[in-house]
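# Fold and geometry: a report
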Amino acid sequence: MFSVGGGIFSAIVPMLCYIAVAVILGMLHLHERRINWLTSLCFFLAAVSLFMHNDVVSAVSALLFIAVMSALLVCQPGEDTEGALFAAFALLGLLSFLLPQFLFLIPLFVLYLFVANIFGLRRFLAAMLGLILPFWLLFGVTYVWPEVSEFVPSGESVLCSLAFPEVIDFTPLRILLPVTELAVMLPAMTMFAASSVPSKPFLRRRLLFIMIANTYLLLLSFLSAPNFDMLYAWRIPGTAILASYLFSLKVTRYSNIYFVMIFILWLAIAVFSVWVN
């Protein structure tokens, strides 16, 4: 994952971030039985994406993304659901004014309340209070010390990208990336709908949310050209999860052949990335 011209900082930091992303992903309870190669697959997908290896911001954001998603997935029906939602949405709010692109996740987080079957007035209010808390604290600090506002990133560019979408230029690489992701996502969705695996309801809800999240981020990336690489980095863990589900659900001769085809597409990403660099 090193690049000759990017400097040692821009080479080491992304590598460490993607290692951390893979480790955190491996700690999540997403399948009924442990899939030992999930962590390796996640790091492999980051490794073949050579065009991102010097992108420190996208790498750090990917680590923050998996952290906030992990906090959200912890929110399950129980006695302290309100507290867990408050904490997850507060973390999202904090990340949103540190890196405004996290504002994209607000609709997705709200949708999770319905997917996880935990929606309720008290829980919704707890989530909204958590989301607002960092901004309220920031407002108080900037009111007392106005000079602090100069160091806080503005979310205007992100909001403008939502109001006035900027469609990406479809280069060969930017065609290959979504094609490869859809080649994993669509069969995984089909298998998920036709199979009772996983049988545990909370695991099915988690996988369903991962599918929705990756679909949402994929569609969003087409309409937010400046953030295409960052949104792709956010989708890497979800792609690894869906691939591990698809290729471990039922191992047959045809699934092995299809895995080889997908593996070739992943290697093609590295080849096309060389053209970009």
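Since we're looking at a predicted model, the values are computed, not measured.

## A look at the overall build of the chain
- Secondary structure assignment for the chain yields 11 helices and 0 strands.
- Each helix and strand of the chain, placed in order from N terminus to C terminus, yields the pattern α-α-α-α-α-α-α-α-α-α-α.
- Per-residue burial over the chain gives 47% buried out of 277 residues.
- Within the chain, counting contacts between residues at least 6 apart in sequence, those at least 24 apart form 80% of the total.

## Quick look at unusual backbone geometry
- With an omega of 0°, the peptide bond running from Val 197 to Pro 198 counts as cis.
- Here Pro 198 shows up in the loop between helix 8 (172–194) and helix 9 (201–222).
- With a phi angle near 60°, Asn 117 is a residue other than glycine that sits in the positive phi range.
- Here Asn 117 lies in the loop between helix 5 (106–115) and helix 6 (121–144).
- The exposure class of Asn 117 is exposed, given its relative accessible area of 58%.

## Some points on the packing of aromatic side chains
- All chains considered together, the criterion is met by 16 aromatic pairs.
- Between Phe 119 and Phe 124, the aromatic rings sit 5.9 Å apart at their centres with planes inclined by 55°, giving tilted as the arrangement.
- For Phe 119, a relative accessible area of 44% puts it in the partly exposed group.
- Put simply, the rings of Phe 44, Phe 247, Tyr 258, Phe 259, Phe 263 and Trp 266 pair up and form one aromatic cluster.
- The ring of Phe 192 has Arg 204 lying over it, and the distance from NZ or CZ to the ring centre is 4.2 Å.

## Some details on the environment of Cys 17
- Relative to the elements of secondary structure, Cys 17 occurs in helix 1 (residues 7–27).
- Residue contacts for Cys 17: discarding those within four places in its chain leaves Ala 59, Val 60 and Leu 63.

## Remarks on the nonpolar core
- Ranked by internal contacts, the top residues of the largest apolar core, which has 80 residues, are Phe 102, Leu 105 and Trp 234.
- Per element, the largest residue contribution to this core is 14 residues, and it comes from helix 10 (residues 228–249).
- Excluding its chain neighbours within four sequence positions, the residues that come into contact with Trp 234 are Ser 61, Ala 62, Phe 65, Gln 101, Phe 102, Leu 105 and Leu 217.

## Comments concerning the side chain of Ser 70
- Position of Ser 70 relative to the elements: it lies in helix 3 (residues 56–73).
- For Ser 70, a relative accessible area of 13% corresponds to the buried category.
- Polar side-chain contacts of Ser 70 include one of 2.6 Å to the backbone oxygen of Ile 66.
- Those residues in contact with Ser 70, other than ones at most four positions away along the chain, are Ile 24 and Leu 28.

## Re the pattern of salt bridges
- Considering all chains together, one arrives at 2 salt bridges under this definition.
- Residues Glu 82 and Arg 123 are paired through a salt bridge, measuring 3.6 Å at the closest nitrogen-oxygen approach. On the criterion of sequence distance, the pair formed by Glu 82 in helix 4 (residues 81–98) and Arg 123 in helix 6 is long-range, its members being 41 residues apart.
- With a shortest N-O distance of 2.5 Å, Glu 181 and Arg 235 are connected by a salt bridge. One end of the pair, Glu 181, is in helix 8; the other, Arg 235, is in helix 10, with 54 residues separating them in the sequence. In this structure, Glu 181 and Arg 235 share a single accessibility class: buried.

## Things to note about the confidence of the model for the chain
- Averaged over all residues, the pLDDT of the chain is 88; the fraction at 70 or higher stands at 90%.
- Between residues 1–5, whose pLDDT stays under 50, and residues either more than four places distant or in other chains, the model counts 13 contacts.

## Things to note about the side chain of Gln 76
- Structurally, Gln 76 can be placed in the loop between helix 3 and helix 4.
- Take Gln 76: its relative accessible area is 17%, and that puts it in the buried class.
- The residues touching Gln 76, leaving out its near neighbours within four places in the chain, are Thr 81, Tyr 112, Ile 118, Phe 202, Arg 205 and Arg 206.

## Structural notes on the packing of helix 8 against helix 10
- One way to put it is that helix 8 packs onto helix 10 with a least axis distance of 9 Å and a crossing angle of 40°. Seen along the crossing, helix 8 lies across helix 10 with a hand that is left-handed. Contacts from Arg 174, Leu 177, Glu 181, Val 184, Met 185, Pro 187, Ala 188, Met 191 and Phe 192 of helix 8 reach helix 10 at Phe 228, Asp 229, Tyr 232, Arg 235, Thr 239, Leu 242, Ala 243, Tyr 245, Leu 246 and Leu 249.
- Looking at the contact of helix 8 with helix 10 residue by residue, the classes come out as 14 nonpolar, 1 polar and 4 charged.

About the criteria used
Residues numbered from 1 in each chain as written. Predicted model: local features only at pLDDT ≥ 70, side-chain atom pairs only at ≥ 80, totals over all residues. Heavy atoms only, no water. Helix = DSSP H or I, 4+ residues; strand = E, 2+ residues; numbered from the N terminus. Buried < 20%, exposed > 50% of the residue type's maximum accessible area, 1.4 Å probe, protein only. Contact = heavy atoms within 4.5 Å. Phe/Tyr/Trp six-rings, centres within 6.5 Å; stacked < 30°, edge-to-face > 60°. Lys NZ or Arg CZ within 6 Å of the ring centre and 35° of its normal. Core = buried A, V, L, I, M, F, W, Y, C linked by side-chain atoms within 4.5 Å. Polar contact = N/O pair within 3.5 Å; in protein donor to acceptor, adjacent residues only side chain to side chain. Salt bridge = Lys/Arg side-chain N within 4 Å of Asp/Glu carboxyl O. pLDDT = per-residue confidence, 0-100. Axes fitted to C-alpha atoms, helices over the stretch in contact; angles between N-to-C directions. Left-handed = near helix turned anticlockwise from the far one by under 90°. Nonpolar A, V, L, I, M, F, W, Y, C, P; charged D, E, K, R; others polar.

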